[in-house]
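Structural description and commentary
Residues per chain, in single letters:
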Amino acid sequence: MTLTSDSWLTLIVSLPSASATARMRIWRAVKALGCAALRDGAYLLPAQAEQAAQLQMLADEALQEGGQAWLLQVQALDLAEQATFQALFDRTADYTPWLEELAQARQTLSALSAAELQRTQRKHARAYEVIRKIDFFPGETSIRADAQWRDFANALESMQSPGEPQPMAGRIARRDRMQYQGRVWATRRHLWVDRVASAWLIQRFIDPHARFLWLNTAADCPSDALGFDFDGATFSHVGERVTFEVLLASFGLEDDRGLSRLGAMVHALDVGGATTPEASGFEAVLAGARRRWPDDDALLADIGGVLDSLHAHFSSSRKT
């Protein structure tokens, strides 16, 4: 979030000396909202911050505790005062320990199991999001934190999904489905989001008699097999599109509303971007299925039913 407005909100609260618990609760709340302390009981927040609406709730709480509260809108007198106010929201002190923890965690990744890698990613992602949400005026430290987080996330991704393809440039050629029947299709084993969704798409909508090979490495792909979702494969990432989306475009399936919305979910889970409400649930189900089914044929059969249901849901439900 980057704000430029010179409009500010100031919350001033005064509580009875006997209300120590309420005073601590309100102090923790204003800190979590990202307020800057002007003095004891006086807090500043950019008026355009999404957290600003919650200041009135804190003012009301102070009144209910028998105290006094004022929520005032103020303007910076000039650019110098604006800069002074913004400097109060420098998040370097928040980012520094997080960056140190991230650097330490980076050194231990190779010793962690898959489950531990996922827990590590969630832990540091949550901590990063807490800081980003109150980083109203990003500066050099914010830029460095973003770069470090991207490197960390990429390192985790490479360990969890070795051989993840790099996007190719160029246009996506339209193909005739009738020329792709009864073929052998190959991709990397230990299926994850894009690969399992692409295999389901091939099986359900492109080649109902498809046979699949699950490769230890991309180099194991036979010359007569149709590879997908690895570098050098017949079907893989092109530009910003993941393999599932490339298959949709290649075989003229983009007009299918359910498949299009499934593609958006797969894209978000595979490379990031705008997500869907169903994405986290599908990811959790897939993670559980991978623990239940170490065999990729069994995994595809299991998750295929989930994708069938999601396709039906996306095809009939109103877009949100």
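Our structure is the block above this text.
Residues numbered from 1 in each chain as written. Predicted model: local features only at pLDDT ≥ 70, side-chain atom pairs only at ≥ 80, totals over all residues. Heavy atoms only, no water.

Looking at the pairing of strand β5 (residues 184–188)
Just so we agree on the cut-off: Relative accessible area decides the class of each residue, using a 1.4 Å probe on protein chains only: under 20% of the type maximum gives buried, over 50% gives exposed, and in between gives partly exposed. Helix and strand definitions follow DSSP, with helices as H or I runs of at least four residues and strands as E runs of at least two, each counted in order from the N terminus. Pairing between strands is defined by DSSP: at least two bridges between the two strands are required. Place the viewer so that the strands point away; then a crossover is right-handed whenever the path from the first strand over the helix to the second strand goes clockwise.
For β5, the buried fraction is high: five of the five residues fall into the buried class. Pairing geometry for β5 and strand β6 (residues 211–215), over five bridges, is parallel. Within the sheet, the bridge partner assigned to R188 lies in β6 and is L215. The parallel pair β5 and β6, bridged by helix α7 (residues 193–206), forms a crossover whose chirality is right-handed. Of the strand pairs in this sheet, β5 and strand β7 (residues 226–227) are connected by two bridges, and their pairing is parallel. In the sheet register, W185 faces β7, and the bridge partner there is L226.

Thoughts on the pattern of salt bridges
As a reminder of what qualifies: Salt bridges are defined by distance alone: a side-chain nitrogen of Lys or Arg within 4 Å of a carboxyl oxygen of Asp or Glu.
Within the structure shown, the criterion is met by nine salt bridges. Put simply, D302 and R292 hold a salt bridge, and the shortest N to O gap is 3.0 Å. One end of the pair, D302, is in helix α11 (residues 296–316); the other, R292, is in helix α10 (residues 279–292), and ten residues separate them in sequence. By sharing partners, the salt bridges in this structure join R25, E61 and E65 into a single network.

Points about the nonpolar core
So the rule is basically this: Here, nonpolar core refers to any group of buried Ala, Val, Leu, Ile, Met, Phe, Trp, Tyr and Cys residues whose side-chain atoms link them within 4.5 Å. Residues count as neighbours in contact if any of their non-hydrogen atoms are within 4.5 Å of one another.
One finds W185, L201, F212, F244, L262 and F282 to be the most contacted residues of the largest nonpolar core, which totals 40 residues. Those elements giving two or more residues to this core turn out to be α7, β6, α8 (243–250), α9 (257–271), α10 and α11. For this core, the leading source of residues is α7, giving eight residues. Setting aside residues no more than four positions away along its own chain, F282 makes contact with V193, V196, M265, L269, I303, V306, L307 and L310.

Examining the environment of M159
Locating M159 in the fold gives a position in helix α6 (residues 140–160). Once the C-alpha coordinates of M159 and S110 are considered, the two residues, 49 residues apart in sequence, prove to be 8.0 Å apart. Excluding residues within four positions of it along the chain, M159 makes contact with L109, S110 and L117.

Here we look at helix α2 (residues 55–64)
Since one α-helical turn is 3.6 residues long, residues separated by three or four positions face the same way. To keep it simple, the criterion reads: Arc, as used here, means the arc of the directions from the helix axis to the C-beta atoms.
What α2 keeps buried is the set L55, L58, A59, E61 and A62. Relative to the axis of α2, the buried residues are bounded by an arc of 160° and lie together on one face. Of the exposed residues in α2, the ones pointing more than 90 degrees away from its buried face are M57 and Q64. Immediately downstream of α2, the backbone of G66 shows phi near 85°, a positive value.

Some points on unusual backbone geometry
Although it is not a glycine, H190 sits at a positive phi angle of roughly 55°. Relative to the elements of secondary structure, H190 occurs in the loop between β5 and α7. Notably, D229 is not glycine yet its phi reads approximately 65°, a positive angle. Looking at where D229 falls in the secondary structure, it is placed in the loop between β7 and α8. The exposure class of D229 is buried, given its relative accessible area of 1%.

Description of the side chain of D207
For the record, the criterion: The sign given to each residue is positive for Lys and Arg and negative for Asp and Glu; His and the chain ends receive no count.
The topology assignment puts D207 in the loop between α7 and β6. Among buried Asp, Glu, Lys and Arg side chains, D207 stands out as unpaired, with R183 the closest opposite charge at 6.5 Å.

Brief notes about helix α1 (residues 20–33)
Under the convention used in this document: Given the number of residues in a helix, its expected span is that number minus one, multiplied by 1.5 Å.
The terminal C-alpha atoms of α1, which comprises 14 residues, lie 20 Å apart, in line with the 20 Å expected from a rise of 1.5 Å per residue. Regarding α1, the residues found buried are A22, I26, V30 and L33. In a view along the axis of α1, the buried residues occupy a sector of 65°, so they form one face of it. Residues T21, R28, K31 and A32 are exposed on α1 and point more than 90 degrees away from its buried face.

Details of the packing of aromatic side chains
Test applied: When two rings of Phe, Tyr or Trp (its six-membered ring) have centres within 6.5 Å they constitute a pair, described as stacked for plane angles under 30 degrees, edge-to-face for angles over 60, and tilted for the intermediate range.
Summed over all chains, the structure comprises 18 aromatic pairs. Taking 6.3 Å as the distance between ring centres and 65° as the angle between the ring planes, the aromatic pair formed by Y180 and F235 counts as edge-to-face. Here the residue Y180 occupies a position in the loop between α6 and β5, and F235 occupies one in the loop between β7 and α8, the gap between them amounting to 55 residues. The residues Y180 and F235 share a single accessibility class, namely buried. Residues Y180 and F251 carry aromatic rings whose centres are separated by 5.3 Å and whose planes lie at 85° to one another, so their mutual orientation is edge-to-face. Residue Y180 is found in the loop between α6 and β5, and its partner F251 is found in the loop between α8 and α9; the two are separated by 71 residues along the sequence. We classify Y180 as buried; its relative accessible area is 12%. An aromatic cluster is built from Y180, W185, F212, W214, F228, F235 and F251, whose rings are joined through pairwise contacts.

A look at the sheet that holds strand β1 (residues 7–14)
Which entries qualify depends on this criterion: Fitted lines through C-alpha atoms give the axes, limited to the stretch in contact for helices. The angle between two N-to-C directions lies from 0 to 180 degrees.
Read across the sheet, four strands follow the order β2-β3-β1-β4 without closing on themselves; strand pairing throughout is antiparallel. A strand with exactly one partner marks an edge of an open sheet, and here the two such strands are β2 (36–39) and β4 (68–75). When the angles between neighbouring strand axes are averaged without regard to direction, this sheet yields 25°. Sheet analysis places β2 next to strand β3 (residues 42–46), joined by three bridges and oriented antiparallel. Note on β3: the bridge partner recorded for R39 is A42.

Honestly, it's all geometry; don't read function into it.
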